[in-house]
Amino acid sequence: MAENTPSTETRGGRSRGSSEFRNYEEWFTASPDPWAEIAKLEHGSDRTFATTVRSMVMNAEPAQRPAMETRLLQVLANPKSTEVARMFIVRMLALIGSEKCVPALAPLLADPRTTDVARYALDEITDPAIDEIYRNALGQLSGPAKVGLIGSIGLRGDIKAIGALIALEKNAGETAEVRTAATRALERLTTKA
Amino acid sequence: MNPLYALSRREFLRNSAVVGAAVALPAILPSRLFGQNAPSKQITVGFIGVGNIAQGHMDTLLGFDDVRILAVSDVDRAHRDAAAKHINTGYGKNDCKAYADFREMLARPDLDAIWVCTPDHWHALAAIEAMRHGKDVYVEKPLTLTIREGRELVNAARKYNRVAQTGTQQRSSKRFHDTAEFIRNGGLGKLDRIDILIPANNKHCGATWAAEPVPEGLDWDMWLGPAPWRPFNRQGCHYNFRFILDCAAGQVTNWGVHYIDIAQWALGMDESGPVEIEGHGEFPTTGLFSTATKVDFTCRYANGVMLRCHTRYDGVGDGNVRFFGERGWVDVSRSANTASDPMLLKEITARQGAIKIPLSTNHHDNFISCIRSRQRPISDVEFGHRTTSVCNLGNIAMQLGRKLRWDPVREEFADDVIANRMRQRSMRAPWSLV
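In what follows, the accompanying structure is described. (Residues numbered from 1 in each chain as written. Chains lettered and ligands numbered in written order. Predicted model: local features only at pLDDT ≥ 70, side-chain atom pairs only at ≥ 80, totals over all residues. Heavy atoms only, no water.)

## With respect to the nonpolar core
Here is step 1 of the chain: Counting residues in each nonpolar core, the largest one holds 108 residues, and the members touching the most others are Leu165(A), Ile194(B), Ile196(B) and Phe323(B).
Here is step 2 of the chain: If we skip the residues at most four places from it in the chain, Phe323(B) touches Thr179(B), Ile183(B), Leu188(B), Leu191(B), Arg193(B), Ile194(B), Ile262(B), Ala263(B), Ala266(B), Gly328(B), Trp329(B) and Val330(B).
Here is step 3 of the chain: In terms of nonpolar packing, the next biggest core, distinct from the first, is built from 41 residues, Val116(B), Ala127(B), Val154(B) and Leu224(B) among them. (Core = buried A, V, L, I, M, F, W, Y, C linked by side-chain atoms within 4.5 Å. Buried < 20%, exposed > 50% of the residue type's maximum accessible area, 1.4 Å probe, protein only. Contact = heavy atoms within 4.5 Å.)

## Overview of the interface of chain B and chain A
Here is step 1 of the chain: Contacts between chain B and chain A engage 39 residues on the former and 36 residues on the latter.
Here is step 2 of the chain: Taken over both partners, the interface formed by chain B and chain A buries close to 3,000 Å², and the fraction arising from carbon and sulfur atoms is 46%.
Here is step 3 of the chain: At the junction of chain B with chain A, the criterion picks out four salt bridges.
Here is step 4 of the chain: The interface formed by chain B and chain A contains 24 residue pairs in polar contact (both at pLDDT 80 or more).
Here is step 5 of the chain: By residue class, the composition of the side of chain B that touches chain A is 19 nonpolar, nine polar and eleven charged. (Buried area = accessible area lost by both parts, 1.4 Å probe. Salt bridge = Lys/Arg side-chain N within 4 Å of Asp/Glu carboxyl O. Polar contact = N/O pair within 3.5 Å; in protein donor to acceptor, adjacent residues only side chain to side chain. Nonpolar A, V, L, I, M, F, W, Y, C, P; charged D, E, K, R; others polar.)

## A look at the sheet that holds strand β10 (residues 306–311) of chain B
All names here are of chain B.
Here is step 1 of the chain: If you trace the nine strands from one edge of the open sheet to the other, you get β13-β12-β11-β7-β10-β9-β8-β14-β15, paired in mixed fashion. Each end of this open sheet is capped by a strand with a single partner; those strands are β13 (337–339) and β15 (412–413).
Here is step 2 of the chain: The pairing of strand β9 (residues 296–300) with β10 spans five bridges and is classified as antiparallel. Bridging across to β10, Thr298 finds its partner in Arg308.
Here is step 3 of the chain: Across the face of the sheet, helix α13 (residues 381–400) comes into contact with β8 (276–279), β9, β14 (404–407) and β15 while running at roughly 50° to β8. (Pairing = 2+ DSSP bridges. Helix = DSSP H or I, 4+ residues; strand = E, 2+ residues; numbered from the N terminus. Axes fitted to C-alpha atoms, helices over the stretch in contact; angles between N-to-C directions.)

## So, the pattern of salt bridges
All names here are of chain B.
Here is step 1 of the chain: Going through the model one piece at a time under the given rule, you end up with 42 salt bridges over all chains.
Here is step 2 of the chain: A salt bridge links Lys403 to Glu276; the nearest nitrogen and oxygen atoms lie 3.8 Å apart. In this pair, Lys403 is assigned in the loop between α13 and β14 and Glu276 in strand β8, connecting sequence segments 127 residues apart.
Here is step 3 of the chain: Residue class for Glu276 comes out buried when judged on its relative accessible area of 16%.
Here is step 4 of the chain: Note that Arg386 and Glu382 form a salt bridge whose closest N and O atoms lie 2.9 Å from each other. In this pair, Arg386 and Glu382 are both assigned in helix α13, four residues apart and thus about one turn of the helix distant.
Here is step 5 of the chain: Taking the relative accessible area as the measure of exposure, Glu382 reaches 8% and is therefore buried.
Here is step 6 of the chain: Bridged by salt links that share partners, the residues Arg151, Glu382, Arg386 and Glu411 form one connected network.

## Some words on the packing of aromatic side chains
Residues and elements named next belong to chain B.
Here is step 1 of the chain: In this structure the tally under the stated criterion is twelve aromatic pairs over all chains.
Here is step 2 of the chain: Here the aromatic rings of Trp115 and Tyr138 are separated by 4.8 Å at their centres, their planes lie at 15°, and the arrangement is stacked. Of this pair, Trp115 sits in strand β4 (residues 113–116) while Tyr138 is found in strand β5 (residues 136–140), placing the two residues 23 residues apart along the sequence.
Here is step 3 of the chain: On the accessibility criterion, Trp115 (0% relative accessible area) is buried.
Here is step 4 of the chain: Between Trp220 and Trp223 the ring centres are 4.9 Å apart and the planes differ by 15°, which places this aromatic pair in the stacked class. Pair noted here: Trp220 and Trp223 are both in helix α9 (residues 220–224), with a separation of three residues, about one helical turn.
Here is step 5 of the chain: Residue classification places Trp223 among the buried positions, given a relative accessible area of 4%. (Phe/Tyr/Trp six-rings, centres within 6.5 Å; stacked < 30°, edge-to-face > 60°.)

So, in structure tokens, the structure goes:
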């Protein structure tokens, strides 16, 4: 982020006007905004700015995290953000995200192409709203994405999902992988219940 | 005659002990009972992952009369075919089968034990799946990639009543054993601090990288497994995965785990850990590699002892652990035992303390013996998990750059949401710890 430049400054008893500062600043290239730069991330590209944002996220005080979460969600919503950028963003949300992520991530969760992307953030957030969208997404997914989601439900210990998982386990129309995943999740949930 | 059979068993074991510096197996003939070499009594073994680290294990087991390697699996066809050929040549038979998918191999009812020698991000899933199929497991170090994976792996071992050995083989070295026992008995008087040096990174790559064609025969998607997807690049696959945070934790878990393990052992912290961690690491800000290039973290245990683990820059490709106490210091590494006073070294070898730590002089033999006796091995997975946890705690503290308080009973951080969320990671579908 660009620092605010004071209009005047006194050094050694000598006052410098704003025009002097403009000349002084011409010597430097302004640093790009790391929050804008991370939207351009690609595999193999320079990740210096991602490292900067990661440090900011990790070092954010609790009071600063909501604003930072908002900024991350803005980059996620930016249609110009690359897939790699979105992946980076959700992994940052995994560290500081809250139930505020649900509206942005629920559609991604229900799309098998991006279910994992959503889970990377949501798996770490303890909130009943997330358990609910996980249960809702069960009926919209199939294949590996569904197996992964069932695993997340099992790890979260969502006993409200037991009924849906029993139905999956018994459904001969589901793949063997989905039914096995349901069985394993049920084993975990019913042991806890 | 095949060269392997031209050697006596004793000669073979002696020679196999120098295969692979990272394995560095003790050159001691298994003391296990003889007469177990009838085919019906042999322990039958399969391997998951047969790259670099597995080769030493395979060669060692080839020298065990009462063990038979029947299967190998690897997502790299070149690796699995070479391994199966090596095993079949070693036995002079043709019955070691190669599998691309370890799950197909685990379905075989005739396998007793599995060696898990995959990259770190696969350890927990492969070991848990093997135990679920009733196999005992030997899991290469570090036990797991995350703290949660470690706890899940231990739980699985108990749930399925499996023998599970961690590949921290220094516990089967008498030098390390005697030093740990000496410290445990208060040989240095009141212990003050522990200093662990680990080598600097031994691999480097550039600041940027590009996708490369996946080599024929390598199932890259399966190689990544639970790790986030990224395109293939030769620098980020075999061996070098150690330096990518999605797959490993760098030299902290490559070398540090061995020496932290000895410290935990000496402290009697096999089922516990430190209560405070802080550190500062230098992490690459760009490029394919992402683990710390400079490691420096310190743990405080409840008894006040401080443990520091940090990178050495003297070019030595080994670690060491030095214990400091009221009577001076003792140091142990794979190459030597040194001390501030020669008398301390004599006391270490005299082993006159009242506390006797179980002694194993061969890590493989210890595991095989425990498979037969159903006892817990010298590096039981609970111990491996606790040691790996210290590594992961250090890694988390270095990334966060602040002091963290750790509850080793609940295995959670006090008052740090971000640190607690770093104890685990989501897995790419369809993989899951469930």
